[in-house]
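Structural features, examined
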Amino acid sequence: MQRFSKSPTDPAFVQNPYPFYDRLRASGDLAWWDEYAMPCATTHRAVQSILRDRRFGREVPPEMAPKIPDHLDAFYKVEAHSMLELEPPRHTRLRGLVLRAFTSRRIKALEPEITALTHEKIDTFPNSAPFDILTTFCQPIPVIVIARLLGVPDEMAPQLLRWSNAMVAMYQASRTRATEDAAAYAARDFSDFLRRYVETRRDDPRDDLITHLIASEEQGEKLSTDELITTCILLLNAGHEATVHTLGNGIKTLLETETREIDDLTVEEILRYDPPLHMFTRFAYEEITLYGHTFQRGDQVALLLASANHDSDQWHDAQRFDPARPVTQNTSFGGGLHFCVGAPLARLELQIALPILWDRCPNLRIAEPPHYANTYHFHGLERLMVQTS
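Okay, so let's go over this structure.

Scoring rules and cut-offs
Residues numbered from 1 in each chain as written. Predicted model: local features only at pLDDT ≥ 70, side-chain atom pairs only at ≥ 80, totals over all residues. Heavy atoms only, no water. Helix = DSSP H or I, 4+ residues; strand = E, 2+ residues; numbered from the N terminus. Expected span 1.5 Å × (residues − 1). Polar contact = N/O pair within 3.5 Å; in protein donor to acceptor, adjacent residues only side chain to side chain. Pairing = 2+ DSSP bridges. Salt bridge = Lys/Arg side-chain N within 4 Å of Asp/Glu carboxyl O. Buried < 20%, exposed > 50% of the residue type's maximum accessible area, 1.4 Å probe, protein only. Axes fitted to C-alpha atoms, helices over the stretch in contact; angles between N-to-C directions. Parallel < 35°, antiparallel > 145°, perpendicular 65-115°, else oblique. Contact = heavy atoms within 4.5 Å.

Things to note about helix 11 (residues 177–203)
- For helix 11, spanning 27 residues, the distance from its first C-alpha to its last is 40 Å, which sits close to the expected 39 Å at 1.5 Å a residue.
- The backbone nitrogen of Ala178 has a side-chain oxygen 3.3 Å away, supplied by the residue at the start of helix 11, namely Thr176.

Take a look at the structure:
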């Protein structure tokens, strides 16, 4: 296994990590990344196989669990009930209860609301002056959709966005003590808000996801209030963060490649070409030898999702954006037991919002060079200044 060094906060890497991924992938299925002190799965076959290998998982082996610092207690109290961080049997129970409430019928029923919301946001665009389409379009649509799904008023969306942004910053390579303090405060305040909201919904049920999660709790397989709160936070944080980045990255790519026709194939290619999440880690649960490397129990491996999506052994001319490319399973939503439960909603938002944007704004163009934010292992734009004429 070859060793490589590259700071994930290096400005050149932040703006374009793909040349580094190409170097890693050329060395084999696994490569050692010094800054993370762990091997990385770089190819499509390696990433997909480890995502599905039950000898690896998200949950740290209990005997190796680190001590939680006091200042992060509130944050990890939320994380302790996140199905994203758990393995069976707890993961199986939580995911089953969520899918019972987060049904395809409920997602499909959001289509008219997403359509109306897309038009509403486009109506606010200035006629000629440059504006940031991230803050006016890409950010508000996903967070308002999730808020409505949960049954939270639209006016709470900006506050939900602030809490969410503070919490997901914990996973960024640029994380500092100030980041940690902000995340802990956000986790506490977000939890307190949802706890009050859950109690309100117990007394006043509505046709929303919180009410349906409560109903699932009362139908035999117990979902605790803490689990319910964490699930709502996870749906908002993971759902909005990925969709905001995908919308922004996708609009940038469509404008740069002068792509005017948008259909379901185009959306899949957007997801493959410049995905919102570039790295996901797993722990080994036993001694495992894969691709010439032996993992011991507790060893971590980084799955480089974006590198896998640019593997030319899987896609012809993988470095090129091809909106008519036939669909082949990419890794943008993960895989295996932890495949993203919000994938159908994210796809629906993209399939609705992007064609409407292109139809309403046929002369949309980039007004300033796009700039990616220093948020690795996420990959999304800091701003995207555009003009409609």
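Section: the sheet that holds strand 6 (residues 279–284)
- Read from one edge of the open sheet, 6 strands run 1-2-3-9-6-4, paired in mixed fashion. Bordering the open sheet on either side are strand 1 (3–4) and strand 4 (56–57), each of which pairs with just one other strand.
- Bridge analysis of strand 2 (residues 30–33) against strand 3 (residues 38–41) gives 4 bridges, and the strand direction is antiparallel. Each residue of the ladder has a partner; that of Ala31, found in strand 3, is Cys40.

As for the pattern of salt bridges
- With the rule as written, the count across this model stands at 29 salt bridges.
- When the shortest N-O distance is used, the salt bridge between Arg206 and Asp204 registers 2.8 Å.
- Taking the relative accessible area as the measure of exposure, Asp204 reaches 32% and is therefore partly exposed.
- The salt bridge partner of Glu269 is Arg325, with a shortest N-O separation of 3.1 Å. Of this pair, Glu269 sits in helix 14 (residues 264–273) while Arg325 sits in the loop between helix 15 (305–308) and helix 16 (343–360), and the two are 56 residues apart along the sequence. Taken individually, Glu269 and Arg325 each receive the classification buried, so the pair is uniform in this respect.
- Salt bridges linked by common partners bring Arg90, Arg93 and Glu227 together as one network.

As for unusual backbone geometry
- With omega at 10°, the peptide bond leading from Pro88 into Pro89 counts as cis.
- Along the polypeptide, Pro89 turns up in the loop between helix 4 (73–79) and helix 5 (90–101).
- Although it is not a glycine, Tyr291 sits at a positive phi angle of roughly 50°.
- Judged by its relative accessible area of 32%, Tyr291 falls in the partly exposed class.
- One non-glycine residue with positive phi stands out, namely Asp317, at about 50°.
- By secondary structure assignment, the location of Asp317 is in the loop between helix 15 and helix 16.

Re the packing of helix 9 (residues 140–150) against helix 10 (residues 157–168)
- At their nearest, the axes of helix 9 and helix 10 sit 9 Å apart, and the two run at 105° to each other. It follows from the interaxial angle that helix 9 and helix 10 lie roughly perpendicular. Each of Val143, Ile144 and Ala147 in helix 9 lies in contact with helix 10, whose residues at this interface are Ala157, Leu160 and Leu161.

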